[in-house]
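# Residue-level structural notes
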Amino acid sequence: MPAAVKAKPIDRRRFLLDAARAAAGCAVAGTLLGAYAGQARALPAEALRPPGALPEGDFLAACIRCGLCVRDCPYDTLALAELGEGPATGTPFFTARDIPCEMCEDIPCVKACPTGALDPALEDIGEANMGIAVLVDRENCLNALGLRCDVCYRVCPVIDEAITLDLTHNERSGHHAMFMPTVHADYCTGCGKCEKSCVLPEAAIKVLPERLARGQLGEHYRLGWEEMQEKGGPVVEGIIDLPDRLPGPGTDNLAAPGGFEPAFKMPGASQ
Amino acid sequence: MSEKTKLPTGAEAVATKGWLGAHKWLLLRRLSQAFFLGIFLIGPWFGLWIVKGNLAGSLTLDTLPLTDPLVLLQSIVARHWPEMTAILGALIVLAAYALIGGRVYCSWVCPINPVTDGAHWLHEKLGVQKGWQPKKSTRYWLLAMLLIVSAATGTVAWEFINPITMLQRGLVFGMGFGWTLVLGVFLFDLFVSRRGWCSHLCPVGAFYGLVGSKALLRVSATNRAACDDCMDCFAVCPEMHVITPALRGKTEETPLILSPDCTNCGRCIDVCSVDVFRFTNRFDKAPAPGRDEAARKSPAQQTRAA
């Protein structure tokens, strides 16, 4: 073995080849890891994050999976996701139908978080936004069948604000009322007590993440009646208020000349 | 090499120092590993909440926050600026390991160490060939990779697959299929690559090695003149390249094992029948003469001389 017994102190070719090999190997491994990390970002709809959790993308950058929020939850609501369970492994979540959030006033889970993945700016649990309850089944809901179940409404910690019972006519019987549980997203914290307590074998009201539960108005949309109230007058100065087309005599109702007298006056109808 | 090379590793140390004496640091290390795992487990098991959380982040006695600095570093490169509690916790951990030796984490705390030690034991028992031996730099490449992936995906990327936290979190909070990764590491070390995970790939070890590269606590081959070439220290050392410069150094060269790869596990101290090694600090200037030239003769020369 006369040759290459001792490597040259600086062997550029070998160095570059070794570096290329390592970089290529890391590129492959890194791509796989990145792809897996991307997959893990898809949070199952029934997995809810603790109160104050940053939006999912930021949350996965901020949560170190230490489980201190889980330990300080007095109701064992929170758990760390196990590998293969759905949410990103090691991150905290809860399933409303199993154990809902009890909305502690001192919010111990947020206080326990060392990194701010649960935003310490959340000081009023009423402001929490873990998800939004949706009456997903308006056919099997007992109230929709004309009964007075009302359980979701009764258990709601923000009763009469987050859930109200809206009186509607029961078309089926013709002379009964239906009290439809109606969620108001501005007040709903997504605690999940309604979903937990729904008496049906499969809950008719479910807490969904906001992205699934809500639509979104175009940013340029203005609600005239709100703008008007804010401004204390018509939004556009000097606008001419034309008469509204209404059913009834004396209007330009084309379908029924002579028409009929409406049972009520529309607000703003000037006649 | 001497005749004793052929003896089973550690046999002579057991003969001269007794079994306990030849396993002192190994036993202490296992105790330490059990302690650091147990202190997290007595909370969920017995309701004694001395420590809450896990290795990634914990709170001791409701006052002392500790954070895994590598996990937090990934969080930062993923563009989340953590709250002060986490930063403070990471600084405390960094300071501790910078002082006592970064890879002390690997051999005295990390829960994967007993797994890979077990794999190595079986590896030797079954006489499996050493297999793939990645370059020394590989773990640093992997460390860079996980930081790049964290930055690119905006996630704490390594925590998706990190077998260390997966195992410890699994034991403390619930395992799920986390055991598959641990089994993967075991089988990798057993059949694919001897000491492959801890000594060649693990980016966590690489990180702590960098943290402790100027650490105080070091092993020194102070008594290297007495070395009789039994090679047992090389056989037990998970990072055997760290021994050579210290043990084979000339008188004017330091007997301290200064490589950041050394995990301060102390197995070389245990297994040496002539007590070449001991724990000391990096400023230890005790004279440590190298072996004289006579001892370096080949066995053939020695036989002739006899």
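The shown structure was predicted, so the numbers you read here are calculated from the model rather than taken from an experiment. (Residues numbered from 1 in each chain as written. Chains lettered and ligands numbered in written order. Predicted model: local features only at pLDDT ≥ 70, side-chain atom pairs only at ≥ 80, totals over all residues. Heavy atoms only, no water.)

We now examine the sheet that holds strand 1 (residues 47-48) of chain A. Residues and elements named next belong to chain A. Strand order in the open sheet formed by 3 strands is 1-3-2, and the pairing between neighbours is antiparallel. The open sheet terminates on both sides in strands that have one partner only, identified here as strand 1 and strand 2 (79-80). The pairing of strand 2 with strand 3 (residues 92-95) spans 2 bridges and is classified as antiparallel. Considered in strand 3, the bridge of Leu 80 is made with Pro 92. (Pairing = 2+ DSSP bridges. Helix = DSSP H or I, 4+ residues; strand = E, 2+ residues; numbered from the N terminus.)

Counted by the stated rule, this structure contains 11 aromatic pairs over all chains. With a centroid separation of 5.9 Å and 75 degrees between ring planes, the pair formed by Tyr 36 of chain A and Phe 160 of chain B is classed as edge-to-face. You can see Tyr 36 of chain A sitting in helix 1 (residues 12-40) and its partner Phe 160 of chain B sitting in the loop between helix 7 (138-153) and helix 8 (163-173), one on each of two chains. We classify Tyr 36 of chain A as partly exposed; its relative accessible area is 33%. Using a relative accessible area of 1% as the deciding quantity, one classes Phe 160 of chain B as buried. Aromatic pair Tyr 97 of chain B and Tyr 208 of chain B: ring centres 5.0 Å apart, planes at 65 degrees, arrangement edge-to-face. (Phe/Tyr/Trp six-rings, centres within 6.5 Å; stacked < 30°, edge-to-face > 60°. Buried < 20%, exposed > 50% of the residue type's maximum accessible area, 1.4 Å probe, protein only.)

Another aspect to go through is the side chain of Lys 52 of chain B. Within the secondary structure layout, Lys 52 of chain B lies in strand 1 (residues 51-54). Engagement of the side chain of Lys 52 of chain B in a polar contact is seen with the side chain of Asp 72 of chain A, the distance being 2.8 Å. (Polar contact = N/O pair within 3.5 Å; in protein donor to acceptor, adjacent residues only side chain to side chain.)

A few words now on the UniProt feature "transmembrane region" (unreviewed entry) in chain B. All names here are of chain B. As annotated by UniProt and renumbered to match this structure, "transmembrane region" (unreviewed entry) occupies residues 34-51, 81-100, 140-158 and 170-192. In the segment residues 34-51, helix accounts for 72% and strand for 6%; the C-alpha atoms at its two ends are 14 Å apart. Spanning residues 81-100, this segment combines 85% helix with 0% strand, and its end C-alpha atoms are found 28 Å apart. (UniProt positions renumbered as here; feature names shortened; annotations may be inferred.)

When pLDDT is averaged across chain B, the result is 88; 93% of the residues are at 70 or more. Under a pLDDT of 50 for its full length, residues 300-306 of chain B has, in the predicted model, 3 contacts with residues more than four places off or in other chains. (pLDDT = per-residue confidence, 0-100. Contact = heavy atoms within 4.5 Å.)

Residues and elements named next belong to chain B. Strand order in this open sheet of 3 strands is 1-2-3, and the pairing throughout is antiparallel. Across the chains shown, the open sheet's two edge strands, defined by having one partner strand only, are strand 1 and strand 3 (64-67). Within the sheet, the average angular offset between the axes of one strand and its neighbour, ignoring direction, is 10 degrees. Relative to strand 2 (residues 57-60), strand 1 is paired through 4 bridges, and the arrangement is antiparallel. Each residue of the ladder has a partner; that of Gly 53, found in strand 2, is Ser 58. (Axes fitted to C-alpha atoms, helices over the stretch in contact; angles between N-to-C directions.)

The next subject is a negative patch on the surface. On the surface, Glu 105, Asp 106, Asp 124 and Glu 127 of chain A cluster together into a patch of negative charge. Along the chain, Glu 105 of chain A turns up in the loop between strand 3 and helix 4 (108-112). (Patch = residues over 30% accessible without salt bridge, like charges linked within 9 Å, V, L, I, M, F, W, Y side chains within 5 Å. Areas by Shrake-Rupley, 256 points an atom, 1.4 Å probe, with all protein chains shown as cover. Salt bridge = Lys/Arg side-chain N within 4 Å of Asp/Glu carboxyl O. Lys, Arg positive; Asp, Glu negative; His and termini not counted. Charge placed at Lys NZ, Arg CZ, Asp CG, Glu CD.)

Membership of the largest hydrophobic core comes to 105 residues, with the highest contact counts inside it found for Tyr 105, Leu 247 and Phe 277 of chain B. Apart from the residues within four sequence positions on either side, Tyr 105 of chain B is in contact with Leu 55, Tyr 97, Cys 110, Ile 164, Val 204 and Tyr 208 of chain B. (Core = buried A, V, L, I, M, F, W, Y, C linked by side-chain atoms within 4.5 Å.)

The subject of this paragraph is the pairing of strand 3 of chain B. For a regular strand, side chains alternate in direction, first toward one face of the sheet and then toward the other. All names here are of chain B. What you see with strand 3 is a clean split: Pro 65 and Thr 67 sit on the buried side and Leu 64 and Leu 66 on the side with no burial. Note: strand 2 against strand 3, 4 bridges, orientation antiparallel. The residue bridging Gly 57 from the neighbouring strand is Thr 67, located in strand 3. Between strand 2 and strand 3, which pair antiparallel in sequence order, lie 3 residues; one of them, Leu 61, sits at a positive phi of approximately 50 degrees.

Next up on the list: the pattern of salt bridges. Any two side chains of opposite charge can pair, on the condition that their charged atoms come close. One pass over the structure, following the stated rule, counts 17 salt bridges over all chains. Taking the shortest distance from any N to any O, the salt bridge between Lys 52 of chain B and Asp 72 of chain A comes out at 2.8 Å. Of this pair, Lys 52 of chain B sits in strand 1 while Asp 72 of chain A sits in helix 3 (residues 68-72), each in a different chain. The partner of Asp 229 of chain B in a salt bridge is Arg 248 of chain B, and the shortest N-O contact between them spans 3.0 Å. Taken together, the residues Asp 229 of chain B in the loop between strand 4 (217-220) and helix 12 (232-236) and Arg 248 of chain B in the loop between helix 13 (243-247) and helix 14 (267-271) connect sequence positions 19 residues apart. Looking at Asp 229 of chain B, the relative accessible area reads 14%, which means it is buried. With relative accessibility at 26%, the residue Arg 248 of chain B sits in the partly exposed group. Overlapping salt bridges bring together Arg 103, Arg 139, Glu 239 and Asp 261 of chain B as one network.

Another aspect to go through is the interface of chain A and chain B. Contact with chain A, which involves 39 residues of that partner, is made by 45 residues of chain B. Both sides of the chain A and chain B interface together cover about 3200 Å² of buried area, and 69% of this is carbon and sulfur. On the surface where chain A and chain B come into contact, there are 2 salt bridges. With a closest N to O distance of 3.9 Å, Asp 18 of chain A and Lys 135 of chain B form a salt bridge. Our enumeration of links across chain A and chain B arrives at 11 residue pairs in polar contact (both at pLDDT 80 or more). Mapped onto the side of chain A that touches chain B, the elements with two or more residues apiece are helix 1, helix 2 (56-62) and helix 3 of chain A. Looking at the side of chain A that touches chain B element by element, the count peaks at 12 residues for helix 1 of chain A. (Buried area = accessible area lost by both parts, 1.4 Å probe.)

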